[in-house]
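The chain contents come next:
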Amino acid sequence: MRGFDFTSWHSLLVTLIGVALFTLISIGIRLLMMFTIQQRRERMNRQINERLRTLIAAYKTLGGSFTGNLTVDPRHLRDLRRGNQAAVEEEQAEGLEMTAEPGSDRPRRIRDAVEAALSDIILLGTEEQVRLAERAARELVAGNPVHTAELVVSLRDFIRKALDLAPIPADLDIPMQGPTRPSGAGGKNKSPERGSGRGGGGMGMGVGGGLGMGMGGFDDTSNR
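Residues numbered from 1 in each chain as written. Predicted model: local features only at pLDDT ≥ 70, side-chain atom pairs only at ≥ 80, totals over all residues. Heavy atoms only, no water.

Right, let's get into the UniProt feature "transmembrane region" (unreviewed entry) in the protein. Per the UniProt annotation, the sites labelled "transmembrane region" (unreviewed entry) are residues 12-37. The span residues 12-37 shows a helical share of 100% and a strand share of 0%, and its end C-alpha atoms are spaced 37 Å apart. (UniProt positions renumbered as here; feature names shortened; annotations may be inferred. Helix = DSSP H or I, 4+ residues; strand = E, 2+ residues; numbered from the N terminus.)

So this is what it looks like as structure tokens:
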């Protein structure tokens, strides 16, 4: 109170103005700090949410199957066709009934989806996940079938911990998980689209064909 002068109206007015300016500056600095902290916190939350969203999508891609072939076939479509053609020629040479079917597009789509998921994990995963994804990517490059179960377990534990969920009970024996098998509806709905001009049911079939894209977004035409 020693710095305040109340001996005259002029001094009192100057003192009040000074106190008001000091209060306004203090409030302004505090608001600026709060705004800066809030922006930083929102940015961190967005980054965490985007990271979790990407890793959850990778988990669904790498661990969406419990049955069937749980490995990733690293062969490209040209290799599948070449192998199928060799099998057909061998059966023809032996005079056997040809049973080989044309090369399926499903293994290539699974491989493309897994490669995209591995790329996302290398970008946003933890150190352990990055190491597992790097090892799986090297196996794919080397042309070896890849199991993703170990990486799926690491992703599952991390996601549950990040979402503040209880760990998986230790007494549960969860089967080995493998890559999601994309739906083959896209190829089956192509023929009905050609007949859309026949009768009134063509429109419904054409619309149904558009819903069969499945995981076609993972296609990499450079590998065909």
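Still to come is the rest of the account.
The next subject is the layout of surface pockets. Approximately 170 Å³ is the volume found for the second largest pocket. N69, T71, V72, D73, R106, P107, I110, P179 and R181 are the residues that line the second largest pocket. Taken together, the elements giving at least two residues each to the lining of the second largest pocket come down to β1 (71-72) and α3 (106-124). At three residues, α3 tops the list of elements feeding residues into the lining of the second largest pocket. A breakdown of the residues in the lining of the second largest pocket according to their chemical character gives four nonpolar, two polar and three charged. (1 Å grid on protein atoms, 1.4 Å probe; cavity = no way out; pocket = protein on both sides within 12 Å on 5 of 7 lines; lining within 4 Å. Points joined across faces, edges and corners; volume = space filled by probe spheres on them. Nonpolar A, V, L, I, M, F, W, Y, C, P; charged D, E, K, R; others polar.)

Glancing now at the packing of helix α4 (residues 127-142) against helix α5 (residues 149-162). Two numbers describe a pair of packed helices, the interaxial angle and the distance between the axes. One way to put it is that α4 packs onto α5 with a least axis distance of 10 Å and a crossing angle of 155°. With respect to each other, α4 and α5 are oriented roughly antiparallel. For the crossing formed where α4 meets α5, the hand is left-handed. Contacts from E128, Q129, L132, A133 and R135 in α4 reach E150, L151, S154, L155 and F158 in α5. Residue composition of the contact of α4 with α5, by class: five nonpolar, two polar and three charged. (Axes fitted to C-alpha atoms, helices over the stretch in contact; angles between N-to-C directions. Parallel < 35°, antiparallel > 145°, perpendicular 65-115°, else oblique. Left-handed = near helix turned anticlockwise from the far one by under 90°. Contact = heavy atoms within 4.5 Å.)

Right, let's get into the packing of helix α1 (residues 9-62) against α3. For the pair α1 and α3, interaxial distance at closest approach is 9 Å and the crossing angle is 145°. The handedness of the crossing between α1 and α3 comes out as left-handed. Side by side, α1 and α3 meet where R51, T54, L55, A58, T61 and L62 of the first sit next to A113, V114, A117, L118, D120, I121 and L124 of the second.

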